[in-house]
Amino acid sequence: MRVLLSGNEAVARGAWEAGVAVACAYPGTPSTEILENVALYPEIDAQWSVNEKVAYEVALGAAMGGRRSLFACKHVGLNVAMDPLMTSSYTGISGGFVVVVCDDPQMHSSQNEQDTRWVGIFGKLPVLEPAGPGEAREFVKEAFAISEEYDTPVLLRMTTRVSHTKEDVEISERVEVEPRPFVRDVAKYVMIPKNARGRHVVVEARMARLQALAERMPCNRVEEGCGKLGFVTAGVSYNYVKEAYPEASVLKLGMAYPFCDEKIAEFAGTVEQVVVVEELDPFIEDHLKALGIAVTAKDASFRIGELGTAFVRDIVEGKKKHATPVTARKPLFCAGCPHRFAFVVLKKMRVYVAGDIGCYALASLPPLSSLHTCICMGTGVTLVEGLGLAMRDERVVGVLGDSTFVHSGITGLINAAYNKAKGVVVILDNSITAMTGGQQNPTTGLTIRNEPTKKLDLEKLCQSCGADNVDVIDHSDIAAFEKLVTERLAEDALSVIIARSPCKMIDRRRRPVPAYEQELCKQCGLCLQIDCPALTAIDDGFIAIDGNVCVGCNLCTDVCRFGALKKNEA
Amino acid sequence: MKRSVCNIVFGGIGGQGILKASEICATAALCEGHHVKKSEVHGMAQRGGSVESHVRFGDAVYSPLVGAGLADFLVCFHKDEHQRLRPFLKPGGTDLTDYLEPAARAITHPRHLNTFLVGALSARLGIGEESWTKAMHAVFDAKILEENLKVFRAGRSVEIQ
Ligand SMILES: Cc1ncc(C[n+]2csc(CCOP(=O)(O)OP(=O)(O)O)c2C)c(N)n1
């Protein structure tokens, strides 16, 4: 049967068909839908973990215990899981273990553009790279087979255009896999230096066997064509090559690492000009050059962003990437979003805001322009401490979400308390992981399958971490919120303010649209500064409220100084 | 006979139901026995930013994206986005932006815009009615299926002078 599946749905389907028993992840675009779809299969023990390191370790444990297991994350998520990843390469597994990583060329929804294929070299692990959903399903199954045969975690590297493309995919049924017996094997699983030295030898021998396997892998395939060009390509780029040069010869690398050196050399010998087409870093290019093969490769300008069919022609012709101007509309907070309340206040207070990753990062864009850093998860706490050490006279407020705080903020808060740091951290608790589409987390009291579970008590947690003050406030009362932040900033203390108000994706209640009296409006534009999608400027600086969009949060009535916007109690 | 690839670009702003529209279209093409690819965007851009979804179907589809100047159809959900999206259209391609006005008159709620525009598109694609009906059943929850079928039919029969 053929069904329409996205790359992420196909990974979930393939894993289920392969008999996977355990799957763990922390959400992150473009990988989130993998676990969301895995969770639809009752045979699989699925979880949103607290962060990627935890997810990786739980899944690894299940694999060591003999069950097929899967871990999924976005590219930067793997940074958080690198510690267990590097040493699990040494220990190996027992039941198959597949590590799915979704890169985001073009940074559609990410803070950097790192290329995960290098982790194959760095971690000495095999990497498979599908070109579309159909292959994603097949390669996951293949990855489990390789994992068990070679006793290694296997990386499956996806990109946004593979994860979020849908195509018709042939599906089949689940085949249950017998759990492998668990063996106590200290030399394999206790990585003290003595044992690790022995395992490193095993890893190097494994790499040699995997390289031999790469030569035989059917997914490293030659498509013979005509003409003088021969393309070496992988992943989604393969599609662009086929589209631009349908007649040309192609060596498609389904196994990105280790390389099939003999097959590559043989292919290079059959064509006049070898062209490498790959997104992001020169991973294949550098390797072919090291093999002494003369290649035409993309200009360095193409290392930035995605490729496309037209770009393939430019690469062959040796051109530079002509950057297209961005004309897309900027994203903004939803109507009624509680984050808007916080940033209207912080902007007014003119404080320096150490931000973090989540919907609230949108507050950095004009006109709100009130978030000043966003690096990686957890920095909404740690940068308050670090910046405070450097700039003693600047008022710094840290801001991060509930999911991000649990992911990486807790350790930073303990560190601040332990090292006697002072300052204010605001946890924007909207009771959901919103940026990635609304996933549960320990603060919501629900699991990935929406089953009730233990709910994390943020207040008690922050107290235990050592915060001097822990306040809880509904910050839709912006005057009260401003007063509280001002007071806490004036104190010589470490303070956490939990600003609690639900995300509008979960709280769908609507209140009446405010009344607008144009006669009272002084056209000052202050209400437009809150960047609400329901408010638009019309002629002469007057405004219009879109009643379909407005949810009646009344923030605009709070900022209007002339009473032109009024709460409608009706 | 090889069927050539049909290229459609859907675009508008987050929250307008663009991914749902392309989902109906891709599902109908699949029911008709085509090889289909459809691209989506998730995450950041969806918060009121520009959203685009490409659908390509035929016998052999490689790229999930429609290149500039290659779209047979442009289904634009918001007039402010038209200027940005128009370069996708090939010379002689069909621009459904003119359907925004009749759509606004015909529908009672903005959430029906996507179904209406897919209805309008459906009359021009050479995909049988039965496949469209199957697709609508596959994509919509039973609760809202009937109202959407009605809107779809209204879009399908709309005429533009
Ligand atoms: C290490 C890492 N994992 C995952 C992500 C993806 N990600 C970005 S924001 C976010 C969720 C933030 O949720 P929360 O902190 O609750 O804020 P909200 O979006 O709800 O405002 C996630 C999962 C990331 N950027 N980095």
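Below is a summary of the structure that appears in this document. Everything quoted here is computed from the prediction, not taken from an experiment. (Residues numbered from 1 in each chain as written. Chains lettered and ligands numbered in written order. Predicted model: local features only at pLDDT ≥ 70, side-chain atom pairs only at ≥ 80, totals over all residues. Heavy atoms only, no water.)

## Focus: the packing of helix α4 (residues 113-122) of chain B against helix α6 (residues 142-157) of chain B
Helix packing geometry: the angle between the two helix axes and the distance between the axes.
All names here are of chain B.
Consideration 1: Relative to each other, α4 and α6 sit at 45°, their axes nearing to 6 Å. With respect to each other, α4 and α6 are oriented oblique. In the packing of α4 onto α6, the handedness of the crossing is right-handed. Packed against α4, whose contacting residues are T115, F116, V118, G119, A120 and S122, the element α6 presents N148, V151, F152, A154, G155 and R156 at the interface.
Consideration 2: Among the residues forming the contact of α4 with α6, the class breakdown is six nonpolar, five polar and one charged. (Axes fitted to C-alpha atoms, helices over the stretch in contact; angles between N-to-C directions. Helix = DSSP H or I, 4+ residues; strand = E, 2+ residues; numbered from the N terminus. Parallel < 35°, antiparallel > 145°, perpendicular 65-115°, else oblique. Left-handed = near helix turned anticlockwise from the far one by under 90°. Contact = heavy atoms within 4.5 Å. Nonpolar A, V, L, I, M, F, W, Y, C, P; charged D, E, K, R; others polar.)

## Details of the environment of L70 of chain B
Residues and elements named next belong to chain B.
Consideration 1: If you trace the backbone, L70 turns up in the loop between β3 (50-58) and β4 (71-76).
Consideration 2: Linking L70 and M136, residues 66 residues apart in sequence, is a C-alpha distance of 27 Å.
Consideration 3: If we skip the residues at most four places from it in the chain, L70 touches N7, F88, L89 and K90.

## What about the site of the ligand?
Residue and element names in this part refer to chain A.
Consideration 1: The immediate surroundings of the ligand are formed by 26 residues, with E52, H339, T404, A434 and M435 found nearest.
Consideration 2: The contact in question runs from a nitrogen atom of the ligand to an N or O atom on the side chain of E52, over 2.6 Å.
Consideration 3: Contact between the ligand and Y360: an oxygen atom at 3.1 Å from a side-chain N or O atom of the residue.
Consideration 4: Out of a free accessible area of 590 Å², the ligand has 97% covered by protein chains.
Consideration 5: Those elements that provide at least two residues to the shell around the ligand are α4 (75-80) and α17 (402-418).
Consideration 6: The dominant element in the shell around the ligand, judged by the number of residues it contributes, is α17, at four residues.
Consideration 7: For the shell around the ligand, the class distribution of residues is 11 nonpolar, 12 polar and three charged.
Consideration 8: Each of domain 1 (2-216) and domain 3 (338-500) gives at least three residues to the shell around the ligand. (Near = heavy atom within 4 Å. Polar contact = N/O pair within 3.5 Å; in protein donor to acceptor, adjacent residues only side chain to side chain. Areas by Shrake-Rupley, 256 points an atom, 1.4 Å probe, with all protein chains shown as cover. Domains from an automatic or database assignment.)

## Things to note about unusual backbone geometry
Residue and element names in this part refer to chain A.
Consideration 1: Along the chain, T29 connects to P30 via a cis peptide bond; the corresponding omega equals 10°.
Consideration 2: Mapped onto the fold, P30 is located in the loop between β2 (22-25) and α2 (33-38).
Consideration 3: Look at the link from P366 to P367: it is a cis peptide, with omega at 5°.
Consideration 4: Along the chain, the position of P367 falls in the loop between β15 (352-354) and α16 (379-390).
Consideration 5: For D151, which is not glycine, the phi dihedral falls at a positive 50°.
Consideration 6: As for its position among the elements, D151 is in the loop between α7 (133-150) and β7 (154-159).
Consideration 7: Located in the positive-phi region is S369, a residue other than glycine, with phi close to 40°.
Consideration 8: Mapping S369 onto the fold places it in the loop between β15 and α16.

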